[in-house]
Amino acid sequence: MSENDNRPAWATYPTHTGEPAEGGVLGRRDAKIDGRARIVGAAVFTDDLKLPRMVFGKFVRSTQAHARIVAVDVSAALALPGVVGFATGAELPKKYGVIPVAQDETAMAIGKVRYIGEPIVCIAAVDEETAHRAARAVRVTYEPLTPVLTIEQALDPKMPHIHEASRKPSNILRRVFQEYGDVDAGFAASDLVIEDVYEYPGSTHVPLEAHVALANPEPDGKLTLWSSTQNPHYVHRDVAHVLGMREQDVRLIKPAIGAGYGGKCDPFCTDIVAGHLARKLGRPVKISLEREEVFYAHRGRHPTRMWLKMGFKRDGSITAIDFKAWADGGAYASYGVVTSYYLGVFMPLPYRLENYRFESHRLYTNKPPCGPKRGHGAVQPRLALEMHIDRAALQLGLDPAGMRKANCIEAGSETCNGLKVTSVGMRECIDAVVAASGYAERHGRLGPGRGLGLAASAYMCGALHPVYQNELSQSSVQLKVDRSGEVTLFSGTADCGQGSIHMLAALCAERLGIEPADVRVIEGDTALTPVDLGSYSSRVTFMAGNACISASDRVRERLASAVAAKLGVESSALSFRGRRVFVTSEPERGVSFVDAVWLAEEMIGPIGEVGGYKPHKIGSRFRRQSVGPSPAYSFTAQVAEVSVDPETGIVTIDKIWVAHDCGRAINRTIVEGQIEGCVYMGVGEALYEEQRYRGAMMTSPSLLEYKIPTVHETPEIETFIIETHDPNGPFGAKEAGEGPQLSTVPAIANALYDATGVWFRQPPFTPDRVLAALSRKVT
Amino acid sequence: MLPLPSFQYEAPTDVVEASRLLSEPGSQLIAGGTDLLVSMKHRLFEPRLLVSARRLGLRGISEHAGWLEIGAATTLHDVARHPTVLARLPALAAACRTVATPTIQTMATLGGNLMLDTRCMYYNQPAGWRATLGYCLKREGTVCHVAPKGRGCYATHSADTVPALWLMGAEAEFSSARGVRRVAVSSMYREDGIAWLRLERDEVLTRVFVPLDTRRVVHRKLRTRQAIDYAQVLVAVAGPVSPGGTWTAVISSVSSSPILVEAASAAELSEAAFRACQPLSTHLAPATWRKKMVRVEVARAAALIG
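Just so you know, these numbers come straight off a predicted model, no measurement behind them. Residues take numbers from 1 onward in each chain, read along the sequence in its written order. All chains are assigned letters beginning at A, and all ligands numbers beginning at 1, according to the order in which they are written. In keeping with the predicted nature of the model, local features appear solely for residues at pLDDT of at least 70, side-chain atom pairs appear and are counted solely at 80 or more, and the whole-chain, interface and lining totals rest on all residues. Side-chain measures here rest on the full set of heavy atoms in the structure, leaving out hydrogens and waters.

**A closer look at the overall build of chain B**
1) Next: Helix and strand definitions follow DSSP, with helices as H or I runs of at least four residues and strands as E runs of at least two, each counted in order from the N terminus. Regarding its fold elements, chain B presents 11 helices and 12 strands.
2) Next: Against the globule reference of 19 Å for 306 residues, chain B gives a C-alpha radius of gyration of 19 Å, in line with a compact fold.
3) Next: On the principal axes, the C-alpha backbone points of chain B span a range of 55 × 50 × 35 Å.
4) Next: When a residue's accessible area, from a 1.4 Å probe over protein chains only, is under 20% of the maximum for its type it is buried; when over 50% it is exposed; and in between it is partly exposed. In chain B, which comprises 306 residues, the proportion classed as buried is 58%.
5) Next: Counting only contacts in chain B whose residues sit at least 6 apart along the sequence, the fraction spanning at least 24 positions is 60%.
6) Next: Working definition of accessibility: Shrake-Rupley area with a 1.4 Å probe, residue cover restricted to the visible protein chains. On chain B, roughly 12,300 Å² of surface is accessible, and the fraction owed to carbon and sulfur atoms is 54%. In this setup the radius of gyration rests on C-alpha atoms only. A globule is expected at 2.2 Å times the number of residues raised to 0.38. Note on contacts: a residue pair is in contact if any heavy atoms of the two residues lie within 4.5 Å.

Right, dumping it as structure tokens:
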């Protein structure tokens, strides 16, 4: 790509050997190697597992938002036939949490409860119905405390502390303040300043599979735990920590997962209490959450209030951004410290910006804890930023698409807050959706009730720094090559539906010249698979993919050296393709892949190799910039077309055009699936999804009343894959699973303005809100 | 997962036996079960005995003397695709097709829809949620959270097929060990969220009769999503029998019983409906918007009649 020519050295540092792809696998549309098992119902999920003597755990949950626990009486529950035992929070006093500086959670409440639905006790019984009845028979006596339910209350120093050990003046988990350049000078030099407030609602992930854990106490005192988790490694660490066990005595297995979207990134009460009860009772314990409980486990999108002030020059360039955000985080930290950074650190992407200031607060309230939901922390501010861009373009008389393109950063540039951007396909993305949607001709000209809206966004490909301090590999892959020709790939990754199993098989197959289906992927089992940090921050393809290439290349070197010796050529003269290893210049001269394995095993011995990946220390100018830097960034542009019914206020999303710079599509179908999935979730957040409360009670913890779009509400989605071949990505790949989430809602909001002349600054854009705004506009 | 409470199950083969079983305390009739089983999981009902309608011979559609007879256990799927229903009673077919989802329509029955429990945002919730709330007037509690100072229960009639059947002049046959009675669908309900059905506990809805010479009826269901959801506003509208006659609408999902509205013109009908209906706020829609939608939906239905 010509735009990459001027990149600095750090932007071109090659992660792998950089050999051109030759295996013929990349960019194809193969069905996932594990896809059929899911389609025919053969995939084994945690809840499918049954063990002899297994019992079921059921939580007793708080009916109070904020209260001291005065007494817990389990006698009526224990008297029921079939009840075999129970566990209380006090039995598991060690605090845990993925983020080391914010470990504030225990598996069940101890002494006080902090949200309605918080687990207090777990009852175990021989069947689920008995456990359910027994849990309902437990009596908990509370001494109510004043609940803290809103952003205002959380900031109020007169309100009680939800976490009494906190030394902060109010219920603030983390305040982040960062300033780059001279913001005030930037505003002084601007021709236009736009300032407004936005409210983004809380929403949740809705994985079809609930959280499930099954624990088996082993005869040797060890523990095996099956868990529907996105992050086996962190669950492994925290379960061992809380249970007081050595990590090597806990085996964590992740069976097939029915999606996560960030909702299964934390260790949950299911994992820890199942493990504890299994050891206490000496028999297997399964805990499978009900849908209502999944809503309480939550870790969803933070409801966020935002204030954004932006300065512009007449030509549309941005002179300064001042941004404040307050995130209502619920009762525990979860990933909230990271959220407080993600709310601000991506704002300098993808537009050139020298002067930037942001202040964010992640707050505690007496509600289920928020955490990482697809596009973690970056979705909310993107709505404000992209609406501001459109508002500025209209006020300045500029084309919103042209203004965005004119301000795009270049590959090889560093943002004002020290993010180093190695590849950028932003302009290509905008061009693709603008051309396909007819935006240039149709925006502003569709007439009343119909509109087009454009938005752009950028996201990360994994965090440069691991969440706990270490210099070890962030991803690792082990390969075993059988003399049958089968390659077994071991990885600690957790495919939660995004396709990481197929990604690993495809990259391995690409390097070894075989087919993805020739690779058997064993993942997410701490007894078998080397560590991978998990499925979060859009890191898996980039990091595990690089680890996979590294391991595959080592196998390839082994096979090549044996074949080269046999054929009397140099290793470098060989190609791997079509299940053959052959002389590149004389393709008929070669051996089959199986024969290559035999030759290598004869010459060298059994073939097994390991590869690891950690990002190069491309670093940052700013010592404190620990959250935000990523080895690469993805870019997305979207155009939404909407219709608004003037009598009902009902918004219909007619079509979405989306273009995403994923670096390189390893499998085009899976990339498109990820992009469409993001758009789908964006449509839900734009039109329907909002966690509403009646006081401290979630009003609709069910899939009937918490409405995610059905096939009817899902618009036609036309997807364009933009490939920029990132220098550090595996064969140039970046990410596709989260980035496209960011620009869907702002594209819809901008389209709504085009349709109605109203800036809707608070999703979801429900019919009553739209109708009320339309009537205000008329009067 | 959310377990069903345990229960006994009987599948009698005649209605008299079913009626006898239903007269016993703690028994409950089950047809398709698509609503009942969810409510049982929510512990709204914990029946000792479920009496199945499956083997009562109540499935099937036939024509007699200008009436279409629909067995109460006929599935909504079968009703919606029956040639006579499609040709002569398209609003009934349309109403059946708006219930929940196509998958649920293959289990749910027409009789079950007519007998559908009234619904409320404080009632149709899991047991733990209702316990936290302190329960409600309709189930286990003493206060209606919709109208804490009121005396009644405001749970909402939400049966999609009822407004159309009402306007078509449909009738329902109830059988018990004590005999058989046949009543107009329009007289089955009353404005009481708890006792919304005029029914004795041992009675079984056996057949639904729909006159084939009915007026043209238009069914409309306004809902958040085009599948799964219950209505925000449910209307059926019929035009005058003869020129200058009365326009009629039945509106449901806004009160505990469907509301009948009559007017001299289509325009007056939508205004009369707007005045007659006082819907409550739901999870996703405030009462003010729903009230406006009554007018819009009645007007749109009337426009379709022309």
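What follows continues from the structure just given.
**As for the sheet that holds strand β11 (residues 247-252) of chain B**
Sheet strands pair by backbone hydrogen bonding; their relative direction is either parallel or antiparallel.
Residue and element names in this part refer to chain B.
1) Next: Taken in spatial order, the 4 strands of this open sheet run β9-β10-β11-β12, and their pairing is antiparallel. Every other strand in the sheet has two partners, leaving β9 (217-222) and β12 (259-263) as the edge strands with one partner each. Each adjacent strand pair in this sheet contributes to an overall mean axis angle of 20 degrees, direction not counted.
2) Next: At least two DSSP bridges between two strands are required for those strands to pair. The pairing of strand β10 (residues 233-238) with β11 spans 5 bridges and is classified as antiparallel. Within β11, the position partnered with V237 by the bridge is A249. Axis geometry follows a simple rule: fit a line to the C-alpha atoms, using only the stretch in contact for helices, then measure angles between N-to-C directions, giving values from 0 to 180 degrees.

**Considerations on the sheet that holds strand β24 (residues 586-592) of chain A**
Residues and elements named next belong to chain A.
1) Next: In spatial order, the strands read β22-β23-β24; together these 3 strands make up an open sheet with antiparallel pairing. On the outer flanks of this sheet lie β22 (574-577) and β24, each paired with one strand and no other. Averaged over all adjacent pairs, the angle separating strand axes in this sheet is 35 degrees, with direction ignored.
2) Next: Judged from the 4 bridges that link them, strand β23 (residues 580-583) and β24 form a sheet pairing that is antiparallel. Counterpart to V583 in the pairing with β24 is E586.
3) Next: Running over the sheet, helix α16 (residues 593-604) touches β23 and β24 and is turned about 60 degrees from β24.

**A few points about the nonpolar core**
Residue and element names in this part refer to chain A.
1) Next: F346 and F765 are the most contacted members of the largest nonpolar core, which totals 125 residues.
2) Next: Ranked by the residues each element gives to this core, the list is headed by helix α10 (residues 379-396), at 8 residues.
3) Next: Here this core spans two domains, and each of domain 1 (46-145 + 226-243 + 251-281) and domain 2 (379-465 + 621-778) adds at least three residues to it.
4) Next: Not counting the four nearest positions on each side in its chain, F346 is found in contact with A378, R382, L419, Y459, M460, G628 and Y633.
5) Next: Of all hydrophobic cores here, the second largest spans 52 residues; its members include M503, A506, F576 and A632. By nonpolar core we mean a set of buried residues, namely Ala, Val, Leu, Ile, Met, Phe, Trp, Tyr and Cys, connected to one another through side-chain atoms within 4.5 Å. For the domains described, the bounds stem from an automatic or database domain assignment.

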